Amino acid sequence: MATDSHGRTTFSRGVHPPESKHLTEDRPIEPGPGVAELSILLSQHIGAPCQAAVKKGDLVQAGQKIGECQAFVCAPVHAPVAGKVKELALRPHPVLGRCQAIAIEPQEPASPTLPSFSLPADFDPTRHTPQEICEAVRDAGLVGMGGAGFPTSVKIQPDAKPPKHTLLVNGCECEPYITCDYRLMLEWTDQVLAGIRLAQRACGASKVFIGVEDNKPKAIDAVGAAIKRAGSGSDIRVVSLQTKYPQGGERQLINAVLGQTVPTGGIPPMIGVVVINVATAAAIADAVLYHRPLTHRVVTVTGEAIAKAGNYYVPIGTPVEALIEFCGGVTEKSAKVVMGGPMMGLAIADLNTPITKTSGAVTVLTRRQIGQAKFERRQTACIRCGRCLEVCPENLSPTRIAHAVRSNLLDVAQSYFISACIECGCCSYVCPANIELTGYIKTGKIFLARQRKKMPA
Ligand code: SF4
Ligand code: SF4
């Protein structure tokens with residue numbers, strides 16, 4: 001943990017890329033487009049994919065479970081709208097390339113309606129047992145909506161060992177351009193807070209911290225006021241953090257707020273901490289209080305090449321192309337469509353790629369921007385400046401790992417803790433030689449995963 005002269009805390013290392021949130025931060029959440037087909041991917045989470053529970057030609061109702069779990073670490077999927085199952089087929093997946101999906105033709109391809117949420121006047125999380133909360137969250141198919149996609153019911157399960165003393169809520173949204181979580185904190189504040197209190201009840205944490213970066217003062221005020229209204233100020237605190245990327249990484253957030261370090265290769269529960277994102281918290285409230293499954297989410301559609309950037313409420317399964325068209329299309333020849341933000345997002349080649357439970361943004365970058373981001377500049381030899389080491393939030397040696405991968409020495413890359421890399425992109429961002437260090441590291445991880453699959457059990 002580091003503290004600046006104003007007493008604001010943050011994690012060690014990291015970078016300060018241009019924030020570029022002005023395009024959408026003042027745009028309230030609006031309904032997105034109605035579409036002729038939704039593709040519900042059967043793998044939208046960490047863990048085993050779910051199994052289709054419907055077949056071609058079946059009629060489905062809005063909210064019906066259409067993909068079932070057959071493993072503990074899994075999350076079911078539901079139909080966002082009433083319609084007909086067109087087919088079960090492979091569809092583009094933002095991470096896996098292609099994945100089995102259920103294609104649904106909506107009965108009415110109408111624009112979605114913004115959900116209504118009013119907190120019951122007598123809301124009291126202790127009226128729900130931890131097991132009830134966990135089951136509702138599991139049935140609703142909730143996963144970490146900040147990008148990781150870990151099934152939420154597994155994270156917040158009661159009686160887990162070691163016991164959880166702290167619930168840490170991620171309201172940082174440190175990735176440039178993205179503002180969907182910011183708008184949720186401003187517009188759906190009571191829902192977010194109700195979900196936090198339910199998650200606290202489920203996992204048994206005695207302390208709750210909501211980490212928000214200080215470039216979002218309105219969100220800090222809104223959440224603080226909601227805590228006062230709820231009368232739960234004693235055990236829930238909003239922490240204003242110095243704005244820096246990648247503060248939203250679980251390990252970085254724990255370091256910034258609690259001053260603790262998760263061991264290399266470890267996960268937060270090992271030190272008694274559960275981390276959830278604000279969008280996940282809002283979905284927990286929906287699941288427990290209204291029995292609504294996770295079928296829609298807010299997505300920021302942004303970038304200098306988008307005609308009408310904004311924050312849109314859309315059914316999961318909406319193709320990226322439909323979203324871009326709904327936003328007036330691209331205004332100039334764009335170079336890259338990214339699922340997510342420019343630092344950690346993944347470029348997609350197929351615009352039929354559907355929105356998943358973890359897709360917080362679609363960012364359309366121009367050629368000029370990509371040139372500025374150095375990706376198109378010529379790579380030169382490493383000048384041993386050490387900048388990549390100085391910024392790596394995981395304290396790794398990016399240049400050594402990348403060199404090992406380039407030389408096909410995967411065992412050497414492992415000895416430099418390649419698997420501890422969180423793929424934040426900080427090292428590539430600062431490299432004056434334009435070496436795509438993160439790209440090499442990602443490639444090395446893919447090769448290692450393939451090697452592990454081939455190994456006998
Ligand atoms: S090595 Fe990994 S964790 Fe470190 S800066 Fe590069 S991408 Fe980020
Ligand atoms: S930042 Fe680039 S040039 Fe500098 S040491 Fe790292 S890899 Fe080499």
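Residues numbered from 1 in each chain as written. Chains lettered and ligands numbered in written order. Predicted model: local features only at pLDDT ≥ 70, side-chain atom pairs only at ≥ 80, totals over all residues. Heavy atoms only, no water.

### Description of the nonpolar core
Next up, step 1: Within the largest apolar cluster, 54 residues are counted, with the highest numbers of intra-cluster contacts made by Ile 156, Leu 167 and Ile 196.
Next up, step 2: Secondary structure elements with two or more residues in this core: helix 1 (130-139), strand 11 (166-170), helix 3 (180-187), helix 4 (189-203), strand 12 (207-213), helix 5 (217-230), strand 14 (273-277) and helix 7 (278-290).
Next up, step 3: The element that contributes the greatest number of residues to this core is helix 7, accounting for 10 residues.
Next up, step 4: Split by domain, this core shows at least three residues from each of two domains, domain 1 (2-26 + 127-290) and domain 2 (32-108 + 295-371).
Next up, step 5: Counting 17 residues, the second largest nonpolar core, distinct from the first, contains Val 301, Val 314, Val 320 and Ile 355. (Core = buried A, V, L, I, M, F, W, Y, C linked by side-chain atoms within 4.5 Å. Buried < 20%, exposed > 50% of the residue type's maximum accessible area, 1.4 Å probe, protein only. Helix = DSSP H or I, 4+ residues; strand = E, 2+ residues; numbered from the N terminus. Domains from an automatic or database assignment.)

### Points about the sheet that holds strand 6 (residues 59-60)
Hydrogen bonds between backbone atoms are what pair the strands of a sheet, whose relative direction is either parallel or antiparallel.
Next up, step 1: The strand order across the open sheet formed by four strands is 4-10-9-6, and the pairing between neighbours is antiparallel. Of all the strands in the sheet, just strand 4 (38-41) and strand 6 have a single pairing partner and so form its edges.
Next up, step 2: Across two bridges, strand 6 lies against strand 9 (residues 83-93) in antiparallel orientation. The partner of Leu 59 across the bridge, within strand 9, is Lys 84. (Pairing = 2+ DSSP bridges.)

### Looking at the pattern of salt bridges
If charged atoms from side chains of opposite charge come close, those side chains can pair.
Next up, step 1: What the rule picks out here adds up to 14 salt bridges.
Next up, step 2: Arg 127 is the salt-bridge partner of Asp 122, the closest N and O atoms lying 3.0 Å from each other.
Next up, step 3: In this structure Arg 127 comes out as exposed when scored by relative accessible area, which is 55%.
Next up, step 4: Here Asp 190 and Arg 229 are joined by a salt bridge, their closest N and O atoms 3.0 Å apart. (Salt bridge = Lys/Arg side-chain N within 4 Å of Asp/Glu carboxyl O.)

### Remarks on the domain arrangement of the chain
Next up, step 1: Here the domain parsing of the chain yields domain 1 (2-26 + 127-290), domain 2 (32-108 + 295-371) and domain 3 (387-454).
Next up, step 2: Inter-centroid distance (C-alpha atoms) of domain 1 to domain 2 is 24 Å.
Next up, step 3: Every contact between the two is made by 29 residues of domain 1 and, on the other side, 36 residues of domain 2.
Next up, step 4: Between domain 1 and domain 2, the buried area comes to about 2400 Å², and carbon and sulfur atoms account for 64% of it.
Next up, step 5: In this structure, the connection of domain 1 to domain 2 is made through one salt bridge.
Next up, step 6: Here Asp 139 ties to Lys 65 by a salt bridge, and the two come within 3.8 Å at their closest N and O atoms.
Next up, step 7: Residue assignment for the side of domain 1 that touches domain 2 shows that the elements contributing at least two residues are helix 1 and helix 3.
Next up, step 8: Per-element tally for the side of domain 1 that touches domain 2: the top contributor is helix 3, with three residues.
Next up, step 9: Its residues placed into classes, the side of domain 1 that touches domain 2 shows 18 nonpolar, seven polar and four charged. (Contact = heavy atoms within 4.5 Å. Buried area = accessible area lost by both parts, 1.4 Å probe. Nonpolar A, V, L, I, M, F, W, Y, C, P; charged D, E, K, R; others polar.)

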